[in-house]
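Take a look at the letters that make up each chain.
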Amino acid sequence: MVYRKRKGVRYDTWHWCKNCSNYPQSDYLTSDKKPSYGELCNECQSKEKNGNCQ
Ligand SMILES: [Zn+2]
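What you see is a predicted model, and the numbers here were worked out from it, not measured in a lab. (Residues numbered from 1 in each chain as written. Predicted model: local features only at pLDDT ≥ 70, side-chain atom pairs only at ≥ 80, totals over all residues. Heavy atoms only, no water.)

Novice: Mind showing me how you'd approach the environment of Tyr23 here?
Specialist: Within the secondary structure, Tyr23 is located in the loop between β1 (3-6) and β2 (28-31). Among the residues examined, Tyr23 registers a relative accessible area of 8% and is labelled buried. Those residues in contact with Tyr23 that lie beyond four places of it in its chain are Arg4, His15, Trp16, Cys17 and Lys18. Among the polar contacts made by the side chain of Tyr23, one reaches the side chain of Arg4 at a distance of 3.2 Å. (Helix = DSSP H or I, 4+ residues; strand = E, 2+ residues; numbered from the N terminus. Buried < 20%, exposed > 50% of the residue type's maximum accessible area, 1.4 Å probe, protein only. Contact = heavy atoms within 4.5 Å. Polar contact = N/O pair within 3.5 Å; in protein donor to acceptor, adjacent residues only side chain to side chain.)

Novice: How do you make sense of the packing of aromatic side chains when you look at a structure like this?
Specialist: This structure, assessed with the given rule, holds 2 aromatic pairs. Note on Trp14 and Tyr37: the rings are 5.7 Å apart at their centroids and 75 degrees apart in plane angle, and the pair reads as edge-to-face. On the criterion of sequence distance, the pair formed by Trp14 in the loop between β1 and β2 and Tyr37 in the loop between β2 and α1 (42-49) is long-range, its members being 23 residues apart. Taking relative accessible area as the criterion, Trp14 reaches 2% and is therefore assigned buried. Here Tyr37 falls in the partly exposed class, since its relative accessible area comes to 47%. (Phe/Tyr/Trp six-rings, centres within 6.5 Å; stacked < 30°, edge-to-face > 60°.)

Novice: Explanation requested: the nonpolar core in the structure shown.
Specialist: Within the largest apolar cluster, 8 residues are counted, these being Tyr3, Trp14, Trp16, Cys17, Cys20, Tyr23, Cys41 and Cys44. Sequence-distant contacts of Trp16, defined by excluding residues within four places in its chain, comprise Met1, Val2, Tyr3, Tyr23, Leu40, Cys41, Cys44, Gln45, Glu48, Cys53 and Gln54. (Core = buried A, V, L, I, M, F, W, Y, C linked by side-chain atoms within 4.5 Å.)

Novice: Just to check I follow, could you spell out unusual backbone geometry for this structure?
Specialist: Glycine aside, negative phi is the norm for most residues, and most peptide bonds take the trans geometry. With a phi angle near 55 degrees, Asp27 is a residue other than glycine that sits in the positive phi range. Relative to the helices and strands, Asp27 resides in the loop between β1 and β2.

Novice: Help me understand the coordination of the zinc ion in this model?
Specialist: Around a metal, the perfect tetrahedron of four donors has angles of 109.5 degrees, and the perfect octahedron of six donors has angles of 90 or 180 degrees. Of the protein atoms, only His15 (ND1), Cys20 (SG), Cys41 (SG) and Cys44 (SG) coordinate the zinc ion, at distances of 2.1 to 2.4 Å. Relative to the metal, the 4 donor atoms surrounding the zinc ion lie at angles of 97 to 122 degrees, and the coordination shape comes out tetrahedral. In the primary structure, the donors to the zinc ion are separated according to the pattern H-x4-C-x20-C-x2-C. By relative accessible area, which is 4% here, Cys41 ends up buried. (Donors = N, O, S within 2.8 Å, 3.2 Å for Na, K, Ca; no water. Tetrahedral: all angles 85-135°; square planar, octahedral: opposite > 155°, others 65-115°.)

Novice: Quick question: what am I supposed to make of the state of the cysteines here?
Specialist: Throughout this description, disulfide means a covalent bond between two cysteine sulfur atoms. Per the stated rule, a full pass over the model turns up 1 disulfide. With its sulfur 2.1 Å from that of its partner, Cys17 forms a disulfide with Cys53. Handedness of the Cys17-Cys53 disulfide follows from its S-S torsion of about -110 degrees: it is left-handed. Separated by 36 residues along the polypeptide, Cys17 in the loop between β1 and β2 and Cys53 in the segment after α1 bring together distant segments of the chain. (Disulfide = S-S within 2.5 Å.)

Pasting the structure below:
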């Protein structure tokens, strides 16, 4: 699982579902494991829970 977070957006969250409406497409940081700081995206979490995370 690769996590992405937009750069320079102070309160943005980590995303890991490519089908998330807020998944960063450019200018982002990545983490290949669960980030140890910051918030996780609610939309990604609900997609994962529903088995709909791509
Ligand atoms: Zn997301």
